[in-house]
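Below, each chain spelled out in residue letters.
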Amino acid sequence: MSPEFSDKTKKKLEEIISRYSRKEAAILPVLHLTQKEFGCISVEEEKLVAELLDIKPIQVREVATFYTMLNQMPVGKYYIQVCSNLSCSLLGAESLIDYLTEKIGIKPGETTQDNKFTLSTVECLGACEMAPCMMINFDYHGNLDKKKIDKILEGLK
Amino acid sequence: MKEKILSKHFVLENFYKIDVYLQKKGYQAVKKALNEKTPENILEEVKAANLRGRGGAGFPAGVKWSFVPQQVDKPKYLCVNADEGEPGTFKDRYIMSHDPHLLLEGIIITSYCVGIHTAFIYIRGEYEAVALRLEKAISEAYKNGFLGKNILESGFDLDVYVHRGAGAYICGEETALLESLEGKRGNPRLKPPFPASIGLFQSPTVINNVETLSNIPSIILKGAKWFCKKGLPEDGGTRIFGVSGMVKKPGIYELSIGTNLKDIIFKHAKGMAEGKKLKAVIPGGLSAPILKADEIDIKMDFDSLVNANSMLGSAAIVVIDEDTSILDVLKVVTRFYSHESCGQCTPCRIGSSWINKIVRRICDGKGKNGDIDNIIRLASNILGNTLCPLGDAAAMPILAIIKKFREEIESYVSN
């Protein structure tokens, strides 16, 4: 069955689209909401968004594949993105990525079989004062060490 | 520095809420601008303040505004660059989280000055919580009559919207930002035409960084002379220096433009962490050419750093210790630019990924004779040969690292 937006999202989408003098300019906020509702931007969601914005599905794909935060495949319930840029790597990001790989049993780019975790590395998150840092879904966690990671993971049910 | 311009309220709890902001004499600058000043007065004041862009390029804000044509039959736009993607940079996050109304005041005054009625804040997608806080602040400003129709009964109208990016460093480049805001891939445009004449939706557009705009209210309240005195005559005000890496106290430090880099690291950020020794410093975000430990006795302003063959950029200072291999730094730098190249210009697309492959091979212990010269050749062919500054931003730090640490890199190639 093809996906459909909930009524609440539809209302929000209408308001967002009205902000722009051209409908397609709303594509990023629309894709953010789409991903929140359906988990990713696959072929079905591309069609849905294209219809909403009066553009072709290929135009949606062009945009969706350009931006790293838009996922073509579903991610786990907890999407762990560890910064591996300079400030974080100076303070040991690489060993933390190895630690997470060992602890969750997946490499960056992979999802656990129970779909609980997806692990990935990411470029600078803009939180260098709390390096090394990571983002789980949209929550920032900084000044990380192995102990702190243990504690954070324990809190994720 | 006694009085801070931008960060003085960061420590106050709940300052992001409009009631608290108004208690501390918030929105006085907007009142003064809209009730007492003409757009021409404001433009002259901002020009005289020598406020240079805080995003990286350092272009004088007042001059930029003056390029916008006065009589056009199209709407004009303000795009606030809150993409903050330059590695090492986190200052705008502080402004937007702790003092969103200061930014809104800057947006209102700028829009009034240039004759703009719609502003978009383009914020990086990862800052979801910050975007929500901005949206809350905007709705408070509407309720209190500082946004919307006929602001403070001045006859001036303004709408402000938050637009979230979705993870692309290139969208911090102003024309890529416009493409992205129009709903396309973030591929930079050829300039000219400049955004001031043909920008968002083919309309005249002003694009300013968050920190740049947040300086406007105090220029209006206290005047250009006062502002210049806070920094250098030709480069007014303060900078929020973001210090990260191997220092005892990483964080933001708002200091006069022209403050010595050595003092920022050793006095303000309390020196090296874990008793380590300083090896090198990146003074203005990852794109800024590296400085060796003996080159940091330098004033942090646009011109001093250009004279030292580096740049002030976003004033993000990354401190590197002696135990860090320069090859690891090079690996991060080359990986970053090969990942973030938009792919539009061949020298940048192919060059950045080719360099990264060579560096990764050296890291794997499989370096070959000629690798370093190849990297130099490839980087030199990116330099100046791309549509947007990302090409230069990729090539410059790579060339500087090799020039200053060639011996060390050679030792990894031969071993």
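Quick caveat, the model's predicted, so the values are computed rather than measured.

A. The overall build of chain A, seen in detail. Of regular secondary structure, chain A possesses seven helices and four strands. The order of helices and strands in chain A, counted from the N terminus, is α-α-α-α-β-α-α-β-β-β-α. Over its C-alpha atoms, taken along the principal directions, chain A stretches across nearly 50 × 30 × 25 Å. Per-residue burial for chain A yields a buried fraction of 51% across its 157 residues. When contacts within chain A are restricted to residue pairs at least 6 apart in sequence, those whose partners lie at least 24 apart make up 57%. One finds the centroid of the 20 positive side-chain charges in chain A at a distance of 4 Å from the centroid of its 23 negative side-chain charges.

B. Looking closely at the sheet that holds strand E5 (residues 238-245) of chain B. All names here are of chain B. One open sheet accounts for five strands, arranged E6-E5-E9-E7-E8; its pairing is mixed. Strands with a single pairing partner mark the edges of an open sheet, and in this sheet they are strand E6 (251-256) and strand E8 (291-292). Bridge count for strand E7 (residues 278-282) against E8 is two bridges, and the pairing is antiparallel. Residue Val281 lies in a different strand from E8, and its bridge partner there is Leu291.

C. Up close: the nonpolar core. Ranked by internal contacts, the top residues of the largest apolar core, which has 81 residues, are Leu31(A), Tyr67(A), Leu86(A), Ile170(B), Ile290(B) and Tyr337(B). Tallying contributions element by element places helix H17 (residues 390-414) of chain B first for this core, with 11 residues. For Tyr67(A), the residues in contact, after removing those within four places along its chain, are Leu28(A), Tyr122(B), Ala166(B), Gly167(B), Ala168(B), Cys171(B), Ser180(B), Lys184(B), Arg185(B) and Gly186(B).

D. Here's a closer look at the sheet that holds strand E1 (residues 78-83) of chain A. Residues and elements named next belong to chain A. In space, the four strands of this open sheet follow the order E2-E1-E3-E4, with mixed pairing throughout. Every interior strand has two partners, whereas the edge strands, strand E2 (117-122) and strand E4 (139-141), have only one. Geometrically, the sheet is characterised by an average inter-axis angle of 20° between neighbouring strands, direction not taken into account. Sheet analysis places E1 next to E2, joined by six bridges and oriented parallel. The residue bridging Gln81 from the neighbouring strand is Ser120, located in E2.

E. Region of interest: the interface of chain B and chain A. Taken residue by residue, the interface counts 55 residues in chain B and 38 residues in chain A. Summed over both partners, the interface of chain B with chain A comes to about 3,700 Å²; 58% of that surface belongs to carbon and sulfur atoms. Of all residues in chain B, Glu126(B), Ala166(B) and Arg185(B) bury the most surface against chain A, accounting for 17% of the area lost on that side. Counting across the chain B and chain A interface gives four salt bridges. Two residues, Glu123(A) and Arg335(B), come together in a salt bridge whose shortest N-O distance is 3.0 Å. Only helix H5 (91-98), strand E2 (118-123), helix H7 (128-143), strand E3 (159-164), helix H8 (174-181), E5, strand E9 (316-321) and helix H14 (326-340) of chain B provide two or more residues apiece to the side of chain B that touches chain A. Broken down by element, the side of chain B that touches chain A gets its largest block of residues, seven residues, from H14(B).

F. Looking closely at the packing of aromatic side chains. Within this structure, the stated rule accounts for 17 aromatic pairs over all chains. Note on Tyr27(B) and Phe146(B): the rings are 3.8 Å apart at their centroids and 5° apart in plane angle, and the pair reads as stacked. On the criterion of sequence distance, the pair formed by Tyr27(B) in the loop between helix H1 (18-23) and helix H2 (28-36) and Phe146(B) in the loop between H7 and E3 is long-range, its members being 119 residues apart. Phe146(B) carries the same exposure label as Tyr27(B), and that label is buried. The interplanar angle of 75° and the centroid separation of 5.5 Å between the aromatic rings of Tyr112(B) and Phe156(B) together place this pair among those described as edge-to-face. One end of the pair, Tyr112(B), is in helix H6 (residues 100-114); the other, Phe156(B), is in the loop between H7 and E3, and 44 residues separate them in sequence. Overall, the relative accessible area of 6% leaves Phe156(B) in the buried class. Aromatic rings pair up to connect Tyr20(A), Tyr77(B), Phe120(B), Tyr161(B) and Phe201(B) into one cluster.

G. Region of interest: the domain arrangement of chain B. Residues and elements named next belong to chain B. Per the domain assignment, the segments making up chain B are domain 1 (18-229), domain 2 (238-321) and domain 3 (326-410). When each unit is reduced to the centre of its C-alpha atoms, the spacing between domain 1 and domain 3 is 34 Å. Listed as interface residues are 12 residues of domain 1 and, on the opposing side, 10 residues of domain 3. When the buried area of domain 1 at its contact with domain 3 is split by residue, Tyr169, Ile170 and Pro188 rank highest and sum to 54% of it. Linking domain 1 to domain 3 there are zero salt bridges. Applying the counting rule to domain 1 against domain 3 returns two residue pairs in polar contact (both at pLDDT 80 or more). Residue classes in the side of domain 1 that touches domain 3 are distributed as six nonpolar, three polar and three charged.

H. Examining the packing of H5(B) against H7(B) more closely. Residues and elements named next belong to chain B. It is the contact of H5 with H7, at a shortest axis distance of 9 Å, that shows an interaxial angle of 40°. Considered as vectors, H5 and H7 are oriented oblique to each other. H5 and H7 meet at a crossing whose hand is left-handed. Listed contacts from H7 to Arg93, Met96 and Ser97 of H5 are Val130, Arg133 and Leu134.

I. Examining empty space enclosed by the protein more closely. Applying the stated rule across the entire model yields two cavities of 30 Å³ or more. The computed volume of the largest cavity comes to approximately 90 Å³. In this structure, the largest cavity is lined by 14 residues; those nearest its centre are Cys342(B), Cys345(B), Cys348(B), Cys388(B) and Leu390(B). In terms of residue class, the lining of the largest cavity is made up of eight nonpolar, five polar and one charged. Empty space within the second largest cavity amounts to approximately 50 Å³. Around the second largest cavity, the lining residues are Cys83(A), Asn85(A), Leu86(A), Ser87(A), Cys88(A), Cys124(A), Cys128(A), Pro87(B), Gly88(B), Leu286(B) and Val318(B).

J. Spatial organisation of the pairing of strand E4 (residues 205-209) of chain B. With respect to burial, E4(B) is a largely interior element, five of its five residues being buried. Covered by surrounding structure in E4(B) are Thr205(B), Ile207(B) and Asn209(B) together with Val206(B) and Asn208(B), the residues of both alternating faces.

K. Seen up close, the environment of Tyr161(B). All names here are of chain B. Here Tyr161 is to be found in strand E3. Look at Tyr161 and you get buried, because its relative accessible area is 19%. With 22 residues separating them along the chain, Tyr161 and Ser139 place their C-alpha atoms 10.0 Å apart.

L. Region of the structure containing the packing of H6(B) against H7(B). Residues and elements named next belong to chain B. As a packed pair, H6 and H7 sit with axes 10 Å apart at the nearest point and diverge in direction by 60°. In this view, H6 runs oblique relative to H7, as classed from their interaxial angle. For the pair H6 and H7, the sense of crossing is right-handed. On the side of H6, the interface is formed by Pro100, His101, Leu103 and Leu104, while H7 contributes Arg133, Leu134, Ala137, Ile138, Glu140 and Ala141.

Quick notes on the rules
- Residues numbered from 1 in each chain as written.
- Chains lettered and ligands numbered in written order.
- Predicted model: local features only at pLDDT ≥ 70, side-chain atom pairs only at ≥ 80, totals over all residues.
- Heavy atoms only, no water.
- Helix = DSSP H or I, 4+ residues; strand = E, 2+ residues; numbered from the N terminus.
- Buried < 20%, exposed > 50% of the residue type's maximum accessible area, 1.4 Å probe, protein only.
- Contact = heavy atoms within 4.5 Å.
- Lys, Arg positive; Asp, Glu negative; His and termini not counted.
- Charge placed at Lys NZ, Arg CZ, Asp CG, Glu CD.
- Pairing = 2+ DSSP bridges.
- Core = buried A, V, L, I, M, F, W, Y, C linked by side-chain atoms within 4.5 Å.
- Axes fitted to C-alpha atoms, helices over the stretch in contact; angles between N-to-C directions.
- Buried area = accessible area lost by both parts, 1.4 Å probe.
- Salt bridge = Lys/Arg side-chain N within 4 Å of Asp/Glu carboxyl O.
- Phe/Tyr/Trp six-rings, centres within 6.5 Å; stacked < 30°, edge-to-face > 60°.
- Domains from an automatic or database assignment.
- Polar contact = N/O pair within 3.5 Å; in protein donor to acceptor, adjacent residues only side chain to side chain.
- Nonpolar A, V, L, I, M, F, W, Y, C, P; charged D, E, K, R; others polar.
- Parallel < 35°, antiparallel > 145°, perpendicular 65-115°, else oblique.
- Left-handed = near helix turned anticlockwise from the far one by under 90°.
- 1 Å grid on protein atoms, 1.4 Å probe; cavity = no way out; pocket = protein on both sides within 12 Å on 5 of 7 lines; lining within 4 Å.
- Points joined across faces, edges and corners; volume = space filled by probe spheres on them.

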